[in-house]
Amino acid sequence: MPDTPSASPSPSDPPPRDTPPPSPSGAQSEGSAPAAARATATSAARATAASAVPATATVPAPPNPWRSPSPPPPVSWLARIRPEAPGSVPTATLWSVLATAVLSAVLLGEGLGLNLFLVAIPAALAAYFAAAAAGRRLRPWTAVWGTGGLALLVVPALRDAGWPTFLAVVTAVGLGSLALHGSRTWRGIVLGPVGLAESVASGIGWGWRGLRDRAGGSQGRWGPVLRTTAVAVGLLVVFGALFAGADAAFADLLGSLTPDIDSVADTPLRLFLFALGLVGALAAARTAAAPLRWDRLEARPGRPRGRLEWALPLIVLNLLFAVFNAVQLAVLFGGYEKVLSETGLTYAEYARQGFWQLLWATLLTLVVIAFALRWAPREGGRDRTLVRSVLGSLCLLTLVVVASALRRMDLYVDAYGLTRLRISVAAMELWLGVVIVLIMLAGAVGARRLPLPRAVAVSAAAGVLAFGLMSPDALVAERNVQRYETTGKIDIGYLDGLSADAAPALDRLPEPLRSCALRTIEADLEGEDEPWYAASWGERRARGILAERAVKTNGYSCTPERNGIEDEFGHGGESGESGDFGGSGDPGGYVPHVGPLVPHGPQGPYSGP
């Protein structure tokens, strides 16, 4: 049976789906096997990847153009006020910091005088160079704060009394913080010293990084600098010693100009002062380069009240002030004798009884004005007119209260003398009156023309400077000496506790009152003279007075005696008036005794001048 040919596919038929197309040659068939294997592996990988996708995975929907964007996350208050990190420390700043540290170690530690001013100058220069390198310009208010701070440091160089010196130094630090931060608001003025303290730790790290960077890049330049410095110091020491040995006047001059430093005993103190000056100058420079922005702290305004709700309580308060002021005018024109006879009060009781109440009334009025401005209606021009008229009337009436308080203090001082406490509270009351005037001016011309926070800060600094320059201890002594010359009454027990600033006035007293008044000052000034940079002008003047006429209390008892009358406070005094303002004693309560001075000799009691 003949073989039948096998059916072969026609060339026009398509090849099977799973069968690869025939290759034209055997070599090509053999070469296509790896390609087929790769295609199979790729298909298997795609299948595996497809099986790995979760069944619930969906394609994200396109963003909705009509939907409002989500708000950004809230920023903390610390992030709002914290600036960017400053750049590298300028070289001029590092040298100024080093000068501050050296002057602190050399000049401080023996007393306060011109040394504080001398130490503050390189510290201010360090801050200036750091601010200039950071791109901050010197603005007018910055110059005002910086100049005021340096001016306040003149007070320790002039006055020996500790309390005005303390006020001046604290106020100088506050003005320095304002100069470094450039604050404009109440929060910036109050919180500025906090920012200065915050820069202490960061300033040390900032300075160390700058010193390390410069030391690594300028190792070859340190050798000539050190050699030049060593040669200059050696020449000064050798020739200075030769000239001092050749001329006594030059030796005295050199000794007065050279700081007195013990080699061993003062070493820990000097190291501490060096570190204190170094850290303080670095903190000031770091703050000047990148200060905390306290003005960015926002205060929510108070909810405005209705006109009647806001104005009615203040109008009632104004009426009360007006009635009180009318009574004060009646007392002023009718005479104090009539009031004293009707009330049964003594002269000092009337003056003393009202001053503290009026001082508190002034302080509370400022608080009322602050809250009234926070809740004041502010819908239009009529509301602004209402606020200005009501608060302006309250300020005017408060000024009359301030004048009444000062008048009462003046009456009390005329009758019983001046003390530190009396002059301090009178100065405080006077400054509160200045603040009220500034509030009125700010309401009249607007906050943009008269920035109230800065104006109040300037008035406070000017008041502290004036208080220190007028020498309160000298003023207390002068008024009491004048009172003695008029009435023959004086409190030696109080006056001998004043500082050396009172020496010129006390020197006018007759002996032995003069010696008893100056004995404590002489005891405080015993020993070697302080260096020129650590002694005040008041101390040097007192030394000259005592050197010209010595204190002599031999044979006398300088203990003052009262007249035996006691008041409700348990203090003796003339007419029972020791009172709230007496401090350690009331000048009105002492007389010279058939004097307070009793000789221990056969001549009998001293009968007074």
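Residues numbered from 1 in each chain as written. Predicted model: local features only at pLDDT ≥ 70, side-chain atom pairs only at ≥ 80, totals over all residues. Heavy atoms only, no water.

1. Notes on the overall build of the chain
Argument step 1. Scanning the chain for helices and strands turns up 22 helices and two strands.
Argument step 2. Within the chain, contacts between residues at least 6 apart in sequence are counted, and of these 78% link residues at least 24 apart.
Argument step 3. As displayed, the chain offers around 35,000 Å² of accessible surface, 66% of which is attributable to carbon and sulfur atoms. (Helix = DSSP H or I, 4+ residues; strand = E, 2+ residues; numbered from the N terminus. Contact = heavy atoms within 4.5 Å. Areas by Shrake-Rupley, 256 points an atom, 1.4 Å probe, with all protein chains shown as cover.)

2. Quick notes on unusual backbone geometry
Argument step 1. The omega angle of the peptide bond from Glu511 to Pro512 is 5°, so this bond is cis rather than trans.
Argument step 2. With respect to the element layout, Pro512 can be found in the loop between α20 (503–506) and α21 (513–524).

3. So, a nonpolar patch on the surface
Argument step 1. A cluster of nonpolar side chains, Val231, Leu235, Val238, Phe239, Leu242, Phe243 and Phe250, forms an exposed patch at the surface whose accessible area comes to about 670 Å².
Argument step 2. Here the element with the most residues in the nonpolar patch is helix α9 (residues 219–246); it accounts for six residues.
Argument step 3. Mapping Phe250 onto the fold places it in helix α10 (residues 248–257). (Patch = residues over 30% accessible without salt bridge, like charges linked within 9 Å, V, L, I, M, F, W, Y side chains within 5 Å. Salt bridge = Lys/Arg side-chain N within 4 Å of Asp/Glu carboxyl O.)

4. So, the confidence of the model for the chain
Note: predicted coordinates in regions of low pLDDT should not be interpreted at a detailed level.
Argument step 1. This prediction gives the chain a mean pLDDT of 77; 70% of its residues lie at or above 70.
Argument step 2. For residues 1–35, every residue scores under 50 in pLDDT, and the model assigns this stretch two contacts once sequence neighbours within four places are set aside. (pLDDT = per-residue confidence, 0-100.)

5. Comments concerning the pattern of salt bridges
Side-chain pairs of opposite charge can arise whenever the charged atoms involved come near each other.
Argument step 1. A complete count under the given rule lists 13 salt bridges for this structure.
Argument step 2. Here Arg508 makes a salt bridge to Glu478, at a shortest N to O gap of 2.9 Å. Residue Arg508 is located in the loop between α20 and α21, and its partner Glu478 is located in helix α18 (residues 472–487); the two are separated by 30 residues in the primary sequence.
Argument step 3. Under the relative-accessibility criterion, Arg508 is labelled partly exposed at 39%. (Buried < 20%, exposed > 50% of the residue type's maximum accessible area, 1.4 Å probe, protein only.)

6. Here's the deal with the packing of aromatic side chains
Argument step 1. According to the stated counting rule, one finds six aromatic pairs in the structure shown.
Argument step 2. Arranged with centres 5.5 Å apart and planes meeting at 40°, the rings of Phe371 and Trp375 form a pair that is tilted.
Argument step 3. Seen in terms of ring centroids, Tyr412 and Tyr416 are 5.3 Å apart; in terms of plane orientation they differ by 50°. Their pairing is tilted. Within this pair, Tyr412 and its partner Tyr416 are both found in helix α15 (residues 381–416), separated by four residues, close to a single helical turn. The two residues Tyr412 and Tyr416 agree in class, both being buried.
Argument step 4. Looking at Arg541, its charged tip hangs above the ring of Trp537, at a distance of 4.3 Å from the centre. (Phe/Tyr/Trp six-rings, centres within 6.5 Å; stacked < 30°, edge-to-face > 60°. Lys NZ or Arg CZ within 6 Å of the ring centre and 35° of its normal.)

7. Structural notes on the nonpolar core
Argument step 1. Ile439, Ile492, Leu498, Leu506, Leu509, Leu518 and Ile521 are the most contacted members of the largest nonpolar core, which totals 55 residues.
Argument step 2. Among the nonpolar cores identified, the runner-up in size contains 14 residues, and Ala120, Leu152, Leu175 and Ile189 belong to it. (Core = buried A, V, L, I, M, F, W, Y, C linked by side-chain atoms within 4.5 Å.)

8. As for α18
Argument step 1. For α18, which comprises 16 residues, the first-to-last C-alpha distance of 22 Å matches the rise-based estimate of 22 Å (1.5 Å per residue) to within 8%.
Argument step 2. Gly488 sits one or two residues past α18 and shows a positive phi near 80°. (Expected span 1.5 Å × (residues − 1).)

9. Here we look at the side chain of Asp501
Argument step 1. You can see Asp501 is positioned in the loop between α19 (492–495) and α20.
Argument step 2. Although Asp501 is buried, it makes no salt bridge; Arg159 carries the closest opposite charge, 5.0 Å away.
Argument step 3. Among the polar contacts listed, one links the side chain of Asp501 to the backbone nitrogen of Asp160, at a separation of 2.9 Å.
Argument step 4. With residues up to four places along the chain from it excluded, the contact list for Asp501 reads Leu158, Arg159, Asp160, Ala161, Ser471, Asp473, Ala474, Gly538 and Arg541. (Lys, Arg positive; Asp, Glu negative; His and termini not counted. Polar contact = N/O pair within 3.5 Å; in protein donor to acceptor, adjacent residues only side chain to side chain.)

10. A word on the environment of Ser424
Argument step 1. Within the secondary structure, Ser424 sits in helix α16 (residues 420–445).
Argument step 2. Considering only alpha carbons, one finds Ser424 and Pro472, 48 residues apart in sequence, at a separation of 8.6 Å.

11. A look at helix α3 (residues 91–107)
Argument step 1. Here α3 spans 24 Å end to end across 17 residues, near enough to the 24 Å set by a 1.5 Å rise per residue.
Argument step 2. Within α3, burial applies to Thr93, Leu94, Ser96, Val97, Thr100, Ala101, Ser104, Ala105 and Leu107.
Argument step 3. Directly beyond the C-terminal end of α3, a positive phi value near 105° is found at Gly109.

12. Things to note about the packing of α16 against helix α17 (residues 452–469)
Describing two packed helices takes the angle between their axes plus the distance from one axis to the other.
Argument step 1. Between α16 and α17, the least distance of the axes is 10 Å, while the angle of their chain directions is 155°. Put simply, α16 runs roughly antiparallel to α17. Seen from above, α16 lies across α17 with right-handed handedness. The residues of α17 that touch α16, namely those facing Ile423, Ser424, Ala427, Trp431, Val434, Val435, Leu438, Ile439 and Ala442, are Leu452, Ala455, Val456, Ser459, Ala460 and Phe467.
Argument step 2. In the contact of α16 with α17, the residues fall into 13 nonpolar, two polar and no charged. (Axes fitted to C-alpha atoms, helices over the stretch in contact; angles between N-to-C directions. Parallel < 35°, antiparallel > 145°, perpendicular 65-115°, else oblique. Left-handed = near helix turned anticlockwise from the far one by under 90°. Nonpolar A, V, L, I, M, F, W, Y, C, P; charged D, E, K, R; others polar.)

13. Let's talk about the environment of Glu429
Argument step 1. Relative to the helices and strands, Glu429 resides in helix α16.
Argument step 2. Residues Glu429 and Thr362, 67 residues apart in the sequence, show an inter-C-alpha distance of 8.0 Å.
Argument step 3. Filtering out sequence-adjacent residues up to four positions away, Glu429 remains in contact with Phe355, Leu358, Leu359, Thr362, Val402, Ala405 and Leu406.

14. As for the environment of Pro512
Argument step 1. What makes Pro512 buried here is its relative accessible area of 6%.
Argument step 2. Spatially, the C-alpha atom of Pro512 lies 7.6 Å from that of Lys552, the residues being 40 residues apart in sequence.

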